[in-house]
Every structure is written in structure tokens, then in C-alpha cells.
Amino acid sequence: MKIAVCLKRVPDTTTKISIAADGKSIEEGGVKFIPNPYDEFALEEAIKLKETAGSGETVVVSLGGDVAQETIRTALAMGIDRGVLLQSPGSADGLEVAKALATELKAGGFDLILFGKMAVDDYNHQVGVMTAELMGLPCITAVAHLKVSGGAVEAEREIEGGIEVSTCSLPAVLTCDKGLNTPRLPALKGIMAAKKKPLEVKPVSLGSGSLTVQSLNLPPERPAGRIVGEGPDAVVELVRLLRSEAKVI
Amino acid sequence: MPTVLAVTENRTGVLRKVSFEVVTAARHLADLLGATVDAIVLSDGAVTGTEELGKWGADRVLLATHPDFRLYQPDGFAATVAAAAAGHVAVLLPASATGRDLAPRVGARLGVGCATDVVGIGAEGGKVLVTRPVYAGKALQRVRLEGTPAIVSLRPNTVPPAESGKAGGAEKFDVPPFTARVTVKEIKAPAQAALDVTEAPIVVSGGRGLKDPSNFKLLEELAAALGTAAVGASRAVVDAGWREHGDQVGQTGKTVSPSLYFAVGISGAIQHLAGMRTAKTIVAINRDKDAPIFKVADYGIVGDLFEVVPRLTEEIRKLRAES
């Protein structure tokens, strides 16, 4: 079983965001970066599937700047066999990123290509499924439960008020949701081994794309609220305010 | 005349509310662009609510009927929407579980990028301009779509359906041939049948302050008293296994914009605030008067939730009984 995982380096979810001088991006100074949390489910699944199969290869592919090498090493420390960095500043247009990934992955002969369901920075939910479309492969998104056997996939994904059960055959692209597994933490032995694992760096250039970010702003502050009171005695006044002032009940 | 395509969504033969939101937003955009609105319905037969699409702003309704469209058929839907979108100025979809899967497929097939999870839509110089939350709502990005069509998915609950009384006459739309690479076999009911937090007008969320998973019963009772309300959860209690991850509100969970949000026993970590700060009205109930949640709450009660919540449920029930 040959499995690729696409990985993005993103700001830690506990980070407070401030806007950079260009007014279009975030100030990166002092920000801690982590592997995209949804991509960690993909990494874990790839490692588990290879362990179950008893043989095969896992490859992590990340598109980003040189700093993404560190994120790739984290994946290698978890147990992925080798890494590829597609060196690029990236694009606001997910389709341009998908094109670069599809070009890289096409020749790889992968049985499975895994992504996180979305990146927690740009919230696009796009690159995985677009990559699949460009490669002409089946794709199931936001997978929270997965069975792979006999060249076929059965996957469950959460939809509003239900669980959608889908099937497809391999090779396939899947995007992973929380609930699929519990990603392992890199052990010391893995961290040492990761330093010696191959990491190939390939510069890529992306097209200009069809989305232009005009500005990035902090959301308007919520107007100061008020403490209605203390304890259960404040409930009557709260209900009155919700009904007569906020008009929401 | 240019046309905006609105992609509707149905389940078991009934249009979902988000369809009317998308048609309303498409109408708004079409009026800015001097365009008309086509609404497309993908199904295996008649869909209740189709006759209402004109009311919400559709000039024309396209019926794309196919025996494989009983449930979502990713490849078939993508082929059909891509064919229907040819020559259109914009395509609007819901940013629902289905829409988030479908929009990028259509984009890839038409060779244009998409703007997903949009909360504001406008136009400038004939181009579509959108506002979308990034970093889980910690920042808002303004994006201009240069490609044609402009593909946009709209976050549920951000555009209230508004009537504009258009004709909405229905026509058959031929589903193009497609290769079904993925098959949706069935939709299973979730462990507990419940309203999704992203679509509920009222969300009652609980955190570590609930102390034990069984105490979520208090929030379920409050939600039931409020009527159409969903129960959400903080990351801490989802990670502890108390609640399903589908209920999680926050940066690694769902972003919600209900008209009323209750944060009960939730301190207000930055990643939780990111997921609910666009709620219209926020109520916080917490023992700790210094909890960050009170900084974003419109109304707060400092106190023991085990005393406050049952009292609140009782008062809401009384109110419901009176009105």
C-alpha cells in the first residue's frame, strides 16, 4: 500500500491573530506554527494503514516555504517514511495549489492520497477534492470513519442531521475529519530517526489564480455586554432582556 | 443578460432551508450585477419547496432529475452543476456538508477558484466581492473573484431568506453523462437525532463546568424548552469524550452564527470564541466572573450553572406556556 499525505503548516489554533503591514495577511512574528490539525488525522491514518498492511510506503507532501521542512520533519517523526517539499509561497486560490499537488502526485502510483478536510488558517475545504478532480480520482471528503479492504473504501462522513456512507475503489483521495483516529505524538526515537529520513525539496511556481485577497481585517469588536446578575435570581431579568431587548426568544 | 446560478439542496424530497438562503443571496447578487437568477434542483423526482423558489428570487428553476440523484451523487452533481453554470456570471452553493464537497469539484471542472464559507457578498465593477472568515473567524478576508463563473459557497444562517416574488417557472435540465466514481449508499441517523449546531437558530453549549457528561441533560432540557435549539460543546469536553465531535464549536470544530448562543460552564478559550463570536446574541453562565467568555457575552449571569440552568429552563417553559 502506497500512501501520500498532503500537509500544511498553519498557525497554532491558540494564536491571537494580528494583521501584517500589507493589510492582507497575518503578522507571523512570534506566532507558533503547527501541522494543520486535520492533516494530523491523515498522517495517523496513513501510518496505521501501512502498519496493518505490513508493507508499503508513506510519503508526506507539503507546499510551502522552507520553514515547512520543520512541519514535514514532525510528520516523519510520527512515522511517515519520506517527505517532499513543494517550495512555493502558496496561493489564495486553492485550485492553483491543487494543480501543483496533482502534478507531483500523478507519477507516484499511490493507492491512497489523504488530506485534512480543511486547513484551519484559510478555511478553504478545497484543495483535497480539487486535487482528486484534476487527477480523475474518486474523492470522499470529511471522512470520520474508514474501512479499506480489497481495493475498496467505505467511508462515513457527518452531514447535517446524519451520517453519509460512501464507497469507492482505490486509488482514491480522502479528506479526513476529527474522529477518524487519535494522532500519535512523535516519540524520541521517531524524532531521532526523522532527521535521517529523505526530504526532497522541489521549487514549484503557481499560476496567478482567480482569487485576489483585497484585505484582511480583524472582526468588529462585540459591544461590551453586561452582567445581568448573580445566581438563579438573575434568571427572570435575563429572560426579560432576551425577550424585550434582544428579541431572540 | 448575465445569470447567477443558485444550487439548492434537498433531503428525502424536501428542499432544505439553506436553499432559500442561497436563492436570496443569488437574487441580491443578481440585482447588483443586472443579472437573472436560475435555481437548480438536483433530485430523483419531485421536490417539495421547488414551487417556492420564485418567491425567494429565482427567475427560472432548472429541474435536473436523474435516477442516481436520490442521495448526493458527487460526480453526477458536479457534472450537472458545471454544465448548468456554463456561461453564468456566478454560482452560489450552500457551505453545507454537501456544498463544501461540491463547490471545489465544480471549480476544478470549470478551471476557476472558489470562495468558500462566505458571510457577505457584493459586486464591484462587474466582479463578485466576498467577505469570508479565516482563522476560524479571528479575521475577515475580503476577496475578489476574477474568474468566470465566480463560485461562492455561502455559510448557513448568514442570509435570512427574503421574499422578492419572481416567476420561478420550472424547466427540465438535461443531466450530462457522468462517471460515478463515488457512490453514496445511505444516510444513517446519528446516535441522537438532533439539529445541527451550524443550522440551529439557538445553540446551547456546555463546557468543563458541567463536570460530568450526564449533566448535559440540563442543557438538553433547556434546548428542548427553547424549541428549535441544538446542544453544542467546547473542545475540552469533546476531547474528553463527553460529546460527539460533530457538536464541537470552535476553531477545530464548527463555526456557528445562531441568533442566540448560550455558553454554559465554558471559560471562553480563544479557539472557542472564534467559533461563536458571530452569534447575534450571546449569553454566558459561569461561576468565574473573570472568565473571558463574559468579554464577548451580551448578557452574563455569574453563578452556579447547576442552579441557574434549571431555573432558566423553568422560566422559558413558563414563557412558552403563556405565549
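Every value quoted in this text rests on a predicted model; they were computed, and no experiment measured them.

Reading guide: rules and limits
Residues numbered from 1 in each chain as written. Chains lettered and ligands numbered in written order. Predicted model: local features only at pLDDT ≥ 70, side-chain atom pairs only at ≥ 80, totals over all residues. Helix = DSSP H or I, 4+ residues; strand = E, 2+ residues; numbered from the N terminus. Buried ≥ 20, exposed ≤ 12 C-beta atoms within 10 Å, placed from the backbone. Contact = placed C-beta atoms within 7 Å. Nonpolar A, V, L, I, M, F, W, Y, C, P; charged D, E, K, R; others polar. Pairing = 2+ DSSP bridges. Right-handed = clockwise from strand over helix to strand, strands pointing away. Axes fitted to C-alpha atoms, helices over the stretch in contact; angles between N-to-C directions. Parallel < 35°, antiparallel > 145°, perpendicular 65-115°, else oblique. Left-handed = near helix turned anticlockwise from the far one by under 90°. Domains from an automatic or database assignment. Expected span 1.5 Å × (residues − 1). Core = buried A, V, L, I, M, F, W, Y, C linked by C-beta atoms within 7 Å.

**Here we look at the overall build of chain A**
Across its full length, chain A carries six helices and 13 strands. For chain A, the C-alpha atoms occupy an extent of roughly 65 × 45 × 40 Å along the three principal directions. Across the 249 residues of chain A, 48% fall into the buried class. Pairs at least 24 apart in sequence give 70% of the contacts found in chain A among residues at least 6 apart.

**Side note on the interface of chain A and chain B**
In many reports, interface size means the accessible area that the parts give up when they come together. Contact with chain A, which involves 71 residues of that partner, is made by 73 residues of chain B. Classifying every residue of the side of chain A that touches chain B gives 36 nonpolar, 21 polar and 14 charged. Of the pairings in the sheet, the one linking strand β9 (residues 162–169) of chain A to strand β13 (residues 182–188) of chain B comprises six bridges and is antiparallel in character. When the sheet's bridge partners are listed, V165 of chain A is paired in β13 of chain B with E186 of chain B.

**Quick look at the pairing of strand β14 (residues 202–206) of chain B**
All names here are of chain B. Among the five residues in β14, five count as buried, and that is most of the element. Burial of β14 is two-sided: the residues I202, V204 and G206 facing one way and the residues V203 and S205 facing the other way are all buried. Where β14 lies against strand β15 (residues 229–233), five bridges are found, and the strand directions are parallel. The residue bridging S205 from the neighbouring strand is G232, located in β15. Crossover handedness for the path β14 to helix α4 (residues 216–226) to β15: right-handed. In the sheet, β14 pairs with strand β16 (residues 260–264) via five bridges, with the strands oriented parallel. Bridged to V203 within β16 is Y261.

**Brief notes about the packing of helix α2 (residues 74–85) of chain B against helix α3 (residues 97–110) of chain B**
All names here are of chain B. At a minimum axis separation of 9 Å, α2 and α3 run at an interaxial angle of 55°. Our classification of the angle between α2 and α3 gives oblique. For the element pair α2 and α3, the recorded crossing hand is right-handed. Contact residues: P74, F77, A78, V81, A82 and A85 in α2; D101, L102, R105, V106, R109 and L110 in α3.

**Remarks on the packing of helix α4 (residues 127–135) of chain A against α3 of chain B**
Between α4 of chain A and α3 of chain B, the shortest axis-to-axis distance is 8 Å and the interhelical angle comes to 40°. Here α4 of chain A lies oblique to α3 of chain B, going by the angle between them. The hand of the α4 of chain A/α3 of chain B crossing is right-handed. Contacts from V129, M130, E133 and L134 of chain A in α4 of chain A reach D101, P104, R105, G107, A108 and R109 of chain B in α3 of chain B. Among the residues forming the contact of α4 of chain A with α3 of chain B, the class breakdown is five nonpolar, one polar and four charged.

**Notes on the domain arrangement of chain B**
Residues and elements named next belong to chain B. Along its sequence, chain B is carved into domain 1 (3–172) and domain 2 (202–322). Each of domain 1 and domain 2 was reduced to a C-alpha centroid, and the two centroids are 32 Å apart. In the side of domain 1 that touches domain 2, the residues fall into two nonpolar, three polar and two charged.

**What about the sheet that holds strand β11 (residues 199–203) of chain A?**
With mixed pairing, ten strands are arranged side by side in an open sheet as β11(A)-β5(A)-β4(A)-β1(A)-β6(A)-β10(A)-β7(A)-β8(A)-β9(A)-β13(B). Each edge of the open sheet is held by one strand with a lone partner, namely β11 of chain A together with β13 of chain B. If you compare each strand with its neighbour and ignore which way they point, the axes differ by 30° on average. For strand β1 (residues 2–7) of chain A and strand β4 (residues 57–64) of chain A, the ladder comprises six bridges, and the chain directions are parallel. Opposite V5 of chain A, over in β4 of chain A, you have V60 of chain A as the bridge partner. With respect to the sheet, helix α1 (residues 37–53) of chain A is in contact with β1, β4, β6 (112–116), β7 (139–149) and β10 (172–176) of chain A, its orientation differing from that of β6 of chain A by roughly 150°.

**Let's talk about α2 of chain B**
Residues and elements named next belong to chain B. Under the 1.5 Å per step criterion, the end-to-end length of α2 is 16 Å for twelve residues, consistent within 8% with the ideal 16 Å. With ten of twelve residues buried, α2 lies mostly within the body of the structure. Turning to α2, the residues buried within the fold contact β1 (3–7), β4 (36–43), β5 (60–65), β6 (90–94), α3 and β13.

**Structural notes on unusual backbone geometry**
Backbone torsion omega between L170 of chain A and P171 of chain A reads -5°, so that peptide bond is classified as cis. Mapped onto the secondary structure, P171 of chain A falls in the loop between β9 and β10. Residues T148 of chain B and P149 of chain B are joined by a peptide bond in cis, for which omega reads -5°. Tracing the backbone shows P149 of chain B in the loop between β10 (139–145) and β11 (150–154). The phi angle at A142 of chain A is positive, at roughly 55°, despite the residue not being glycine. Mapped onto the secondary structure, A142 of chain A falls in strand β7. For D117 of chain B, which is not glycine, the phi dihedral falls at a positive 55°. Within the element layout of this structure, D117 of chain B appears in strand β7 (residues 114–118).

**Things to note about α3 of chain B**
Residue and element names in this part refer to chain B. Between the first and last C-alpha of α3 there are 21 Å, a value that for 14 residues agrees with the 20 Å anticipated at 1.5 Å per step. Counting buried positions along α3 yields 13 of 14 residues, so the element is predominantly enclosed. A positive backbone phi angle near 70° is found at G111, which sits one or two residues after α3.

**A short note on the nonpolar core**
A general tendency of soluble globular proteins is for nonpolar side chains to be buried together. V5, V60, I80, L101 and L114 of chain A together with V204 of chain B are the most contacted members of the largest nonpolar core, which has 127 residues in total. Taken domain by domain, this core gets at least three of its residues from each of domain 1 (3–172) and domain 2 (202–322) of chain B. Not counting chain neighbours up to four residues away, the residues in contact with V204 of chain B comprise L219, L222, A223, A229, V231, G232, F262 and V264 of chain B.

**Side note on the environment of G113 of chain B**
Within the secondary structure, G113 of chain B is located in the loop between α3 and β7. Along the chain, G113 of chain B and G165 of chain B lie 52 residues apart, while their C-alpha atoms are 32 Å from each other. In this view, G113 of chain B contacts D93, G94, L95, G209, S210 and L211 of chain A together with G107 and G147 of chain B; residues no more than four positions away in its chain are not counted.

**With respect to the environment of A92 of chain A**
Note on placement: A92 of chain A falls in the loop between β5 (82–87) and α3 (94–106). Note on A92 of chain A: 20 C-beta atoms within 10 Å, which makes it buried. Considered as a pair, A92 of chain A and N124 of chain A are 32 residues apart in the sequence and their alpha carbons are 9.2 Å apart. In this structure A92 of chain A touches G209, L211 and V213 of chain A together with V143 of chain B, once residues within four positions along its chain are discounted.

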